[in-house]
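# Structural overview
Below, each chain spelled out in residue letters.
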Amino acid sequence: MSILVTGATGQLGALVVEKLLGTLQASELAVSVRSAGKAAELKAKGVDVREGDFTNSASLEQAFAGVERLLLISGTEGDRFQQHKNAIDTAKKAGVSQIVYTSLAQADNSTLSLAPDHKNTEDYLKESGVAFTILRNNWYLENEADGIKAAAQGAPFVHAASSAKVGWAARRDYAHAAAAVLTSEGHANKVYELSGKTITHDELGAIIADVIGKEVQVQNLTAAAYDERLQGFGLPEGVAAFVTGFQTAIGEGALDVQSEDLEKLLGRPQQPLSEVIAAILA
Ligand SMILES: NC(=O)c1ccc[n+]([C@@H]2O[C@H](COP(=O)([O-])OP(=O)(O)OC[C@H]3O[C@@H](n4cnc5c(N)ncnc54)[C@H](OP(=O)(O)O)[C@@H]3O)[C@@H](O)[C@H]2O)c1
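What you see is a predicted model, and the numbers here were worked out from it, not measured in a lab.

Cut-offs and rules
Residues numbered from 1 in each chain as written. Predicted model: local features only at pLDDT ≥ 70, side-chain atom pairs only at ≥ 80, totals over all residues. Heavy atoms only, no water. Core = buried A, V, L, I, M, F, W, Y, C linked by side-chain atoms within 4.5 Å. Buried < 20%, exposed > 50% of the residue type's maximum accessible area, 1.4 Å probe, protein only. Helix = DSSP H or I, 4+ residues; strand = E, 2+ residues; numbered from the N terminus. Contact = heavy atoms within 4.5 Å. Axes fitted to C-alpha atoms, helices over the stretch in contact; angles between N-to-C directions. Parallel < 35°, antiparallel > 145°, perpendicular 65-115°, else oblique. Left-handed = near helix turned anticlockwise from the far one by under 90°. Nonpolar A, V, L, I, M, F, W, Y, C, P; charged D, E, K, R; others polar.

With that out of the way, let us pick up the nonpolar core. The biggest cluster of nonpolar side chains holds 35 residues, and the ones touching the most others in it are Val5, Val16, Leu20 and Val31. Where this core is concerned, the elements lending two or more residues are strand 1 (3-6), helix 1 (11-20), strand 2 (29-33), helix 7 (171-183), strand 8 (190-194) and helix 11 (261-266). The dominant element in this core, judged by the number of residues it contributes, is helix 7, at seven residues. Setting aside its immediate chain neighbours within four residues, valine 31 contacts Leu4, Val5, Ala8, Val17, Leu42, Val47, Asp48, Val49 and Arg50. Counting residues in hydrophobic clusters, the runner-up holds 29 residues, among them Leu104, Ala105, Ala209 and Ile280.

A separate point is the side chain of threonine 244. Along the chain, the position of threonine 244 falls in helix 10 (residues 237-251). Those residues in contact with threonine 244, other than ones at most four positions away along the chain, are Ala223, Tyr226, Asp227 and Leu230.

Another point: the packing of helix 9 (residues 223-232) against helix 10. Axis angle and axis distance: for two packed helices, these are the angle between their axes and the distance between the axes, and together they describe the pair. At a closest axis distance of 9 Å, the pairing of helix 9 and helix 10 adopts a crossing angle of 140°. Viewed along their axes, helix 9 and helix 10 adopt a mutual orientation that is oblique. Every pair of crossing elements has a handedness; the one defined by helix 9 and helix 10 is right-handed. Side by side, helix 9 and helix 10 meet where Ala223, Tyr226, Asp227, Leu230 and Gln231 of the first sit next to Glu237, Ala240, Ala241, Val243, Thr244, Gln247 and Thr248 of the second. When grouped by side-chain class, the residues that make up the contact of helix 9 with helix 10 number six nonpolar, four polar and two charged.

This is the structure:
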């Protein structure tokens with residue numbers, strides 16, 4: 001079995017590769033990265049490092065040659081849907097037998113601004129004729145790192161999502177679930193909602209308080225007040241509006257997904273959020 005991971009010099013991809021190297025020989029694993037220089041450590045371990053950029057199909061042709069299972073980690077910038085289409089088309093041409101794609105919670109029915117790229121990619125992948133596995137990742141707890149660090153310094157833990165629940169989990173857990181899918185059978189043409197146990201921001205604030213050993217004030221702001229606060233920290237207007245939009249969508253339940261899929265793929269409980277918070281603060 002030849003497995004290739006894209007985005008392996010990113011945070012999620014690096015954790016997937018680390019997990020895979022625990023069970024596979026390095027020679028069974030290839031990565032596609034934008035800059036081979038950034039993956040020198042993997043190359044030194046014997047991983048087949050290839051260069052591929054989603055915006056450049058010719059580079060992907062070389063990168064995906066001879067691969068059976070591909071983990072397509074969603075991109076971060078530019079026209080992501082077009083980039084994912086390039087990757088899917090090239091993988092199909094190269095004879096890849098299964099594409100595993102990292103999507104977003106409830107991508108087909110989410111008010112998050114990030115969702116349309118994911119929904120379009122999911123649809124395109126499903127129609128490609130290549131066996132697919134869709135990993136609809138909920139929110140990384142690490143997304144809250146700044147707020148957690150500020151709370152540890154005595155600031156309120158601020159959000160604008162009222163009492164909506166979120167399925168936070170460690171980035172590492174999403175990575176390990178992806179590694180499990182890549183190295184086991186029975187996942188063809190499946191869509192998994194990978195979600196931690198859903199909790200509110202108040203409940204997360206209580207976990208932070210337990211970890212730091214002092215009270216945390218959780219503040220639920222209006223979207224306008226949240227936006228104004230971000231701009232007060234120096235975020236440009238457009239960026240502040242983009243981030244505030246996440247809070248509004250979360251408040252509408254975009255990340256309130258109850259699913260056992262994550263723990264089933266992990267074969268263990270999710271990493272306790274208290275441990276992730278402690279690691280963020282370490
Ligand atoms: N569910 C969540 O809470 C959440 C949070 C953040 C992100 N995400 C999504 O999940 C993905 C993985 O997260 P992460 O934490 O690993 O993000 P990350 O650390 O920013 O890594 C993103 C990876 O995508 C690669 N990439 C970006 N544009 C590319 C292109 N045109 N061609 C090839 N590769 C490209 C980057 O390559 P380089 O290493 O060369 O920069 C990097 O390796 C993100 O890309 C994003 O789509 C989800």
